[in-house]
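Each chain, letter by letter, is given below.
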Amino acid sequence: MQQIVVCVKAVPDPKSEQGVKIDPVTKTVDRGNATTVMNPIDRNALQFALELKAERGATVTVVSMGVLLSDRAFAGADAYATATTLAAGVRGVGGADLVLCGMASSDGATEWVGPQLATVLDLPIVTMVRELVETAESSWKVKADFESGYRL
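Rules and cut-offs
Residues numbered from 1 in each chain as written. Predicted model: local features only at pLDDT ≥ 70, side-chain atom pairs only at ≥ 80, totals over all residues. Heavy atoms only, no water. Helix = DSSP H or I, 4+ residues; strand = E, 2+ residues; numbered from the N terminus. Buried < 20%, exposed > 50% of the residue type's maximum accessible area, 1.4 Å probe, protein only. Contact = heavy atoms within 4.5 Å. Areas by Shrake-Rupley, 256 points an atom, 1.4 Å probe, with all protein chains shown as cover. Lys, Arg positive; Asp, Glu negative; His and termini not counted. Charge placed at Lys NZ, Arg CZ, Asp CG, Glu CD. Salt bridge = Lys/Arg side-chain N within 4 Å of Asp/Glu carboxyl O. Pairing = 2+ DSSP bridges. Axes fitted to C-alpha atoms, helices over the stretch in contact; angles between N-to-C directions. Arc of directions from axis to C-beta.

Student: Report on the overall build of the protein, specifying residues and quantitative values.
Tutor: Within the protein one finds three helices and eight strands. The linear arrangement of helices and strands in the protein, starting from the amino end, is β-β-β-α-β-α-β-α-β-β-β. Taken along its principal axes, the extent of the C-alpha atoms in the protein is 50 × 35 × 25 Å. The 152 residues of the protein split such that 30% are buried. For the protein, the proportion of contacts with a sequence separation of at least 24, taken over those separated by at least 6, is 59%. For the protein, the accessible surface area stands at approximately 9800 Å², while carbon and sulfur atoms represent 52% of it. With 14 positive and 18 negative side-chain charges, the protein shows a separation of 3 Å between the mean positions of the two kinds.

Student: Pulling in residues and values, what's your account of the pattern of salt bridges?
Tutor: For the coordinates displayed, the defined rule picks out two salt bridges. A salt bridge links Arg-56 to Glu-55; the shortest N-O distance between them is 3.9 Å. Residue classification places Arg-56 among the partly exposed residues on the basis of a relative accessible area of 39%. Among the residues examined, Glu-55 registers a relative accessible area of 58% and is labelled exposed. Notably, a salt bridge pairs Asp-145 with Arg-130, separated by 2.4 Å at the nearest N-O pair. Remark: Arg-130 occurs in strand β6 (residues 129–135) and Asp-145 occurs in strand β7 (residues 140–146); sequence separation between them is 15 residues. With a relative accessible area of 23%, Asp-145 lands in the partly exposed category. The exposure class of Arg-130 is exposed, given its relative accessible area of 55%.

Student: Give a description of the sheet that holds strand β5 (residues 98–101) that names residues and reports values.
Tutor: Strand pairs in the sheet, formed through backbone hydrogen bonds, run parallel or antiparallel to each other. The strand order across the open sheet formed by three strands is β4-β1-β5, and the pairing between neighbours is parallel. Here the strands that pair on one side only, and so sit at the sheet edges, are β4 (59–63) and β5. Neighbour to neighbour, the strand axes of the sheet diverge by 25° on average, direction disregarded. Two elements, strand β1 (residues 3–7) and β5, share four bridges in a ladder whose sense is parallel. Within β5, the position partnered with Cys-7 by the bridge is Cys-101.

Student: So what's going on with helix α3 (residues 113–121)? Which residues, and what values?
Tutor: Inspection of α3 places Val-113, Gly-114, Leu-117, Ala-118 and Leu-121 among the buried residues, and these make up the whole buried set. The buried residues of α3 occupy an angular sector of 135° when the element is viewed end-on, so they sit on one face. In this structure, the buried side of α3 is in contact with β1, α2 (79–92) and β5. Note on α3: the residue one or two positions beyond its end, Asp-122, has a positive phi of about 55°.

Student: So what about the sheet that holds strand β8 (residues 149–151)? Which residues, and what values?
Tutor: Pairing is antiparallel across the open sheet formed by three strands, whose spatial order is β6-β7-β8. The open sheet has two free edges, formed respectively by β6 and β8, since each of these has just one partner strand. Neighbour-to-neighbour, the strand axes of the sheet open up by a mean angle of 25°, direction not taken into account. Pairing of β6 with β7, which is carried by five bridges, proceeds in the antiparallel orientation. Of the residues in β7, the one forming a bridge with Glu-131 is Lys-143. Sheet strands in contact with helix α1 (residues 42–56) are β6 and β7, and its direction is about 20° off that of β6.

This is the structure:
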């Protein structure tokens, strides 16, 4: 059975009455009183994982720094620190055959966590995946966006 890990991020709710506030000292998002929601872009990765679960009987585990992996030392973490922390989470749940991430975070537009996570875990990576075309025992063929077209 395939083991799928989906990385999601809790981000400040843009519809919250409290709004997003920046800490004047640390220059990071003040999450202390912020109402949070799942990063909207991560929903695509989670939806895909759940579709694979339904079709193939995969196991899906969700990890999120600051929710399941939480420490004050993570505050203001850059993409590499986030990727390193998430990699520890992936290893902590027993590893994965497939790790899915959203394209970016809505609160920081960081697009480097997924590629850096793949590097830390020594996994192959494909970004901007649009569609799963076919699978074989040890390979997947995907359709991914590429500048003004797509790549297979």
